[in-house]
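Listed here are the chains, written in short residue letters.
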Amino acid sequence: MDPSLDTWDFSPLISLWIHRFYIYWGFAFGISLWICFQIVIRKQDKTSQEKSLSKATRDLVTNGYISLQEKEVFVSGVKIFYGSQTGTAKGFATILAEAVTCLGLPVAIINLKEYDPDDHLVEEVTSKSVCAFLVATYTDGRPTESAEWFCKWLEEASIDFRFGQTYLKGMRYAVFGLGNSAYASHFNKIGKNVDKWLWMLGAHRVMTRGEGDCNVVKSKHGSIEGDFRAWKTKFISRLRALSKGEKKSCGGNCKKGRCKSSQHGSEEMEPGSPAQDGLHQRDTEEEEPFASTSEEESSIEDHQSLSSVVDVEDLGKIMNHVKKEKREKEQQEEKTSLFRNTVKNEASERRAMITPALREALTKQGYQLIGSHSGVKLCRWTKSMLRGRGGCYKHTFYGIESHRCMETTPSLACANKCVFCWRHHTNPVGTEWRWKMDQPEMILKEAIENHQSMIKQFKGVPGVKEERFEEGMTVKHCALSLVGEPIMYPEINRFLKLLHECKISSFLVTNAQFPVEIKNLKPVTQLYVSVDASTKDSLKKIDRPLFKDFWQRFLDSLKALAAKQQRTVYRLTLVKAWNVDELQAYAELVSLGSPDFIEVKGVTYCGESSASSLTMANVPWHEEVVRFVHELVDLIPNYEIACEHEHSNCLLIAHKKVRITQIVILLSSLSLLLFSSLFSLFSPQPSYSEYLLVCYLF
């Protein structure tokens, strides 16, 4: 045996091996004890969490749950709209967004250039969000380029009958304008206008408009940044109050000493705090147009709020007092309503379509205004034919002599705001007749007199043909297409009857928004319908109609046209890049109305205007109009190209039945002429047998 092995002692190892089971049990017991300890700890943590959650839930239910629910309902977020040219308003929008975020409210920053108010602004009525508008006033009191379309849309909507004073009722907003008082005539004009237009549409102004001034000398806070910081503080304070459920800021004059806003937690605001000070600065002038008070609130609550305990003996007195106040309130409301209706009726009776400002504008454009809603004007083609030159396309198409044609309208109002309107929307708009009405006899009489007066001004002018001048003094044709919608005039049928009694032919143009009036219209010499687009979207974009159901009215008007037993015409105005690619849709509309003629004309550019975005690039070349007509004719086999007037950039498409009718009329005329010639052979007077002979020959 190796002697080195004697030096090793293996007895401890042998002992461990013999008692190994006890060691295993010890380890197992220790692990089990650790596991049990961990389970107990986790159960205790879970129990404590449930207790704390239960307590928090009870606290919310008893103290704060109702307020939390109202907070979520009243303020769901903040949308900050900005219109900036140099970036100042955009920077302010970012600063304001950071401050709003600190309140825990969702916030969105929106560039007005990328915002379509026509589609999205009405969504703010039900979104429960607060909208802040930071808008700058640019050169000459105009909006910045990014806010130009928004301001234009808002201004038009505020005066359109289709929107009304409740269109944005429920929307809450605040406005901060950026301007420079050095330009006093239009200082913060855009901010004031946006505030006014939103107010006119029924939106609720949550606080007084802020006005930032770049002129450090006159700025209330030393700089435009200081003005914004002051307004931002008030806005955040107001927003904090709204998030607690306060609907209106307290002005200290609450009914019977009872502050309605205190019901939603405003009592937590200490007097003299920035929030309370900010709420007290609202003007009476700047209150919302439609108050959001509760009509269901009774006076009994007012009395009960003074004392929670009421003596039974005093209950009768209190009820009598309440009934008396209720009767007085009802009587006062009835008187107020009667007074408002009286004022409204008197105002509507006195209202004339042509206001002094409109009269001045139209007079400058060469109109001779008649009464309170009509007008007459000389066409440039009239002046051309008086000099012995060419006439308009009506002369080429239908033989109408321009110098014997009177261009007039019995209604300057229209139901559309077409982008190519050559009057730049100086005429009033409306969907129904709301004005004082003149009699048709007076309108026709003064229209002819004014037309003759304008013709007389050309007497002795070099180049004017004497025979043309004499012919021009006698009106033979009347084009009811000057401006506006003549079919809106309630006495249009009487007016047409008077024209025909005076041996004056009538050419009436309507914009296809009054199908009932078209059905009830008496026969005219030629009835036109403006078909400016062939799809709903393009019609809305080009004509910008006031009716919400404009497309159905458009289609019904074309159907009504098809039922008319008279000569009818479609008038198509082509706007390049807007409505020239809708050939198949145009063909379908032609089959719907079955007109006798289709006039296709390129749009006429009338210069720059804030009411239209058209440029010369939207005017099609004559070759493009010709190509459009050829392609359209290929899709409507019953029609063919009849005539062309290149100077007017216009072509005429006629139904083939018109050519057949013309041949019949020509043959009838030749037969009548031959019939008269044969009778002349039996002079001085034909006998009965000779008369029968001529009749037999025909």
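Residues numbered from 1 in each chain as written. Predicted model: local features only at pLDDT ≥ 70, side-chain atom pairs only at ≥ 80, totals over all residues. Heavy atoms only, no water.

### Notes on a nonpolar patch on the surface
In step 1: Together, Phe 10, Leu 13, Ile 14, Leu 16, Trp 17, Ile 18, Phe 21, Tyr 22, Ile 23, Tyr 24, Trp 25 and Phe 27 make up an exposed nonpolar region whose accessible area comes to about 1400 Å².
In step 2: Of all the elements in the fold, those that place two or more residues in the nonpolar patch are helix H1 (11–18) and helix H2 (20–74).
In step 3: When residues in the nonpolar patch are grouped by element, the largest group, six residues, is from H2.
In step 4: Among the secondary structure elements, Phe 21 is positioned in helix H2.
In step 5: Taking relative accessible area as the criterion, Phe 21 reaches 44% and is therefore assigned partly exposed. (Patch = residues over 30% accessible without salt bridge, like charges linked within 9 Å, V, L, I, M, F, W, Y side chains within 5 Å. Areas by Shrake-Rupley, 256 points an atom, 1.4 Å probe, with all protein chains shown as cover. Salt bridge = Lys/Arg side-chain N within 4 Å of Asp/Glu carboxyl O. Helix = DSSP H or I, 4+ residues; strand = E, 2+ residues; numbered from the N terminus. Buried < 20%, exposed > 50% of the residue type's maximum accessible area, 1.4 Å probe, protein only.)

### Thoughts on helix H19 (residues 550–562)
In step 1: Between its first and last C-alpha, H19 extends 19 Å over 13 residues, near the 18 Å set by a 1.5 Å rise per residue.
In step 2: Where H19 is buried, its residues touch helix H17 (515–520), strand E12 (526–530), helix H18 (536–543), strand E13 (568–574) and helix H20 (583–593). (Expected span 1.5 Å × (residues − 1). Contact = heavy atoms within 4.5 Å.)

### Re unusual backbone geometry
In step 1: One non-glycine residue, Asp 140, lies in the positive phi region at around 60°.
In step 2: The residue Asp 140 is located in the loop between strand E3 (129–136) and helix H5 (148–159) in this model.
In step 3: With relative accessibility at 61%, the residue Asp 140 sits in the exposed group.
In step 4: At Ser 594, a position not held by glycine, the phi torsion is positive, near 45°.
In step 5: Classification of Ser 594 by relative accessible area gives partly exposed; the value is 40%.

### Overview of the sheet that holds strand E15 (residues 639–645)
In step 1: Read from one edge to the other, the open sheet built from ten strands follows the order E7-E8-E9-E10-E11-E12-E13-E14-E16-E15, with strand pairing classed as mixed. Every interior strand has two partners, whereas the edge strands, strand E7 (368–370) and E15, have only one. With direction set aside, neighbouring strand axes in the sheet form an average angle of 25°. (Pairing = 2+ DSSP bridges. Axes fitted to C-alpha atoms, helices over the stretch in contact; angles between N-to-C directions.)

### Considerations on the nonpolar core
In step 1: Among the nonpolar cores identified, the biggest contains 88 residues, and Val 531, Phe 554, Leu 572, Ile 598, Val 600 and Leu 632 are the most heavily contacted of them.
In step 2: By residue number, the principal contributor to this core is H19, which donates seven residues. (Core = buried A, V, L, I, M, F, W, Y, C linked by side-chain atoms within 4.5 Å.)

### Topic: the pairing of strand E16 (residues 650–655)
In step 1: Most of E16 is tucked away, with six of its six residues classed as buried.
In step 2: Of the two faces of E16, the one holding Cys 650, Leu 652 and Ala 654 and the one holding Leu 651, Ile 653 and His 655 are both buried throughout.
In step 3: Strand direction decides the pairing type here: strand E14 (residues 597–602) and E16, joined by five bridges, are antiparallel. Looking at E16, one finds that Val 600 is bridged to Leu 651.
In step 4: Relative to E16, E15 runs antiparallel, the two sharing six bridges. Its bridge partner being in E16, Ile 641 is matched across the sheet by Ile 653.
In step 5: The turn linking E15 back onto E16 is made up of four residues, and Asn 649 within it adopts a positive phi angle of 55°.

### A closer look at the confidence of the model for the protein
In step 1: Looking at the protein, pLDDT values average 77 and 72% of them are 70 or higher.
In step 2: Per-residue pLDDT stays below 50 along residues 60–72; that stretch engages in six contacts with residues further than four places along the chain or on separate chains.
In step 3: Considering only residues more than four positions removed or in separate chains, one finds that residues 690–694, a stretch of pLDDT under 50, has seven contacts. (pLDDT = per-residue confidence, 0-100.)

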